[in-house]
Amino acid sequence: MRALEEKILKDGKVFPGGVLKVGSFLNHQIDVPFMKEIGREFYRLFRDEKITKILTIETSGIPIAVMAAAEFGVPVVFAKKHHSKNLADDCYVAGIHSYTHGNDYEARVEKQFITADDTVLIIDDFLANGAALDGLLKIIDQSGAHLAGCGIAIEKAFQAGGKRLRGQGIRIESLAMIAEMKEDGSLAFVEQ
Ligand code: 5GP
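Below or above, wherever it landed, is the structure these notes cover. (Residues numbered from 1 in each chain as written. Predicted model: local features only at pLDDT ≥ 70, side-chain atom pairs only at ≥ 80, totals over all residues. Heavy atoms only, no water.)

**Here's the deal with the pairing of strand β3 (residues 53-57)**
Regular strands place their side chains on alternate faces of the sheet. Heads up, the rule is: Exposed residues in this analysis have more than 50% of their type's maximum accessible area, buried residues have under 20%, and partly exposed residues fall in between, with area computed by a 1.4 Å probe over protein chains only. Strands are runs of DSSP state E lasting at least 2 residues, helices are runs of H or I lasting at least 4, and numbering of each runs from the N terminus. When DSSP locates at least two bridges between a pair of strands, those strands are taken to pair.
For β3, the tally of buried residues reaches 5 of 5 residues, placing the bulk of the element in the interior. Of the two faces of β3, both are covered, the one formed by K53, L55 and I57 as well as the one formed by I54 and T56. Relative to strand β7 (residues 119-127), β3 is paired through 3 bridges, and the arrangement is parallel. Counterpart to I54 in the pairing with β7 is L121.

Structural data, given as structure tokens:
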């Protein structure tokens, strides 16, 4: 998606350790009209799949997932990273290692919100090593739902997740794929 690549080049900031910050439109401040365009693009890519639920993980997957869900006319379910009193005990649970925070946590989704009758589209902001997607895939596995595929805004293609998961036969559509990111702040995209 050319507009996303241009936005990354204009507003993205490369940080040490291969982290790209896109706080001005996605990870902190949210550019709503632009998120809407991203939602439309996911709809264009997956509209033939009879999606019944969109699954994401808090926090930064939520705005994109909501915009996509508005196009599909289906609910968004977001996996929660913290156990709290307002979460029922009857949950799917998956352990995940966070790339950006360097810690492990458990993602939870109440069983009532995803069932074997669902066809699920996973949406997330970034794909790097694939740990977040692994966790969401485990949750879908536990539910018995059908996975239609994964829609990712920004894939860091120089990390292993995309290749590994596509190798497992999972459909992954990334709107911008970064081939290379240098400490001097420059980055290059994979030609799509
Ligand atoms: P993975 O689990 O695929 O290694 O990493 C994906 C998750 O880590 C995403 O949900 C995203 O929140 C976070 N993440 C990974 N790399 C980056 C990055 O370069 N920038 C930002 N902002 N988040 C990232």
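**Description of the environment of I38**
As a reminder of what qualifies: Two residues qualify as a contact provided that any one of their heavy atoms is within 4.5 Å of a heavy atom in the partner residue.
Relative to the elements of secondary structure, I38 occurs in helix α3 (residues 32-46). In this structure the C-alpha to C-alpha distance between I38 and I64, which are 26 residues apart in sequence, comes to 6.9 Å. The residues touching I38, leaving out its near neighbours within four places in the chain, are M1, L4, I64 and L175.

**Description of the packing of aromatic side chains**
Selection rule: Stacked, edge-to-face and tilted are the three classes for Phe, Tyr and Trp ring pairs, Trp counted by its six-membered ring, which pair at centre distances within 6.5 Å; planes under 30 degrees apart are stacked, over 60 edge-to-face, the rest tilted. Here, a charge over a ring is recorded when the distance from Lys NZ or Arg CZ to the ring centre is within 6 Å and its angle to the ring normal is within 35 degrees.
For the structure on display, the rule yields 2 aromatic pairs. A ring pair is formed by F25 and F34, whose centres lie 5.9 Å apart and whose planes are at 80 degrees; its orientation type is edge-to-face. The exposure classification of F25 matches that of F34, with both residues buried. A ring pair is formed by Y43 and F72, whose centres lie 4.9 Å apart and whose planes are at 75 degrees; its orientation type is edge-to-face. One end of the pair, Y43, is in helix α3; the other, F72, is in helix α4 (residues 61-72), and 29 residues separate them in sequence. Across from the ring centre of F34, 5.0 Å away, lies the NZ or CZ of K7, which sits over that ring. The ring of F46 carries R171 above its face, with NZ or CZ at 4.2 Å from the centroid.

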